[in-house]
Amino acid sequence: MFLDILVAVDGSEHGAAALRTASQLAREEHARLTVITAVPPAPAFAQITAAGAASLTDVAELMGEAGKRIRAQVDELPQDLSVTSIVGAGQPDEVILARLRDGRHDLLVMGTRGLGRVGSALLGSVSQAVLHQARVPVLVVHAPNAAEAPAASAP
């Protein structure tokens, strides 16, 4: 049913749950998986250095760190999956929507909340924005909380 699945991750547990769900779907559907993360711009007060100019090396460092994090997550996926990883710069919802417009994805998987500021009562602001503008089906995944997680069995 799905041939090319896009999954948005951000280092949060909701993002990790979305990646687990997307990888399972990709294996079952024999679909390609594209993992995307975004490096949002720093707040205006944080962009100015002592010299009074924005530091481009900071942006490059943030992109590199995001690339390392996404690579670590991708390396944990089953080896038989076709996986591409992308690090974009900008507001996460804009980066995700731009990729949906430019790519040939037929499903987006993302977490309900991420690492950003508190969003609405039901969904994070990025999830909510993407849901309203995406032109493909969107699967929004909740991370299990501690009470819902299965207990580890004793040996």
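What counts, and at which threshold
- Residues numbered from 1 in each chain as written.
- Predicted model: local features only at pLDDT ≥ 70, side-chain atom pairs only at ≥ 80, totals over all residues.
- Heavy atoms only, no water.
- Pairing = 2+ DSSP bridges.
- Helix = DSSP H or I, 4+ residues; strand = E, 2+ residues; numbered from the N terminus.
- Axes fitted to C-alpha atoms, helices over the stretch in contact; angles between N-to-C directions.
- Salt bridge = Lys/Arg side-chain N within 4 Å of Asp/Glu carboxyl O.
- Buried < 20%, exposed > 50% of the residue type's maximum accessible area, 1.4 Å probe, protein only.

## Re the sheet that holds strand E1 (residues 4-8)
Move 1: Strand order in the open sheet formed by five strands is E3-E2-E1-E4-E5, and the pairing between neighbours is parallel. For this open sheet the edge positions go to strand E3 (83-89) and strand E5 (138-141), each flanked by a neighbour on one side alone. Neighbour to neighbour, the strand axes of the sheet diverge by 20° on average, direction disregarded.
Move 2: Bridge analysis of E1 against strand E4 (residues 107-111) gives three bridges, and the strand direction is parallel.

## With respect to the pattern of salt bridges
Move 1: On inspection of all chains with the given rule, the structure shows five salt bridges.
Move 2: Between Arg 20 and Glu 13 there is a salt bridge whose closest N-O contact spans 2.9 Å.
Move 3: Across the pair Asp 80 and Arg 27 runs a salt bridge, and its minimum N-O distance is 3.1 Å. Here the residue Asp 80 occupies a position in the loop between helix H3 (56-75) and E3, and Arg 27 occupies one in helix H1 (residues 13-29), the gap between them amounting to 53 residues.
Move 4: By relative accessible area, which is 42% here, Arg 27 ends up partly exposed.

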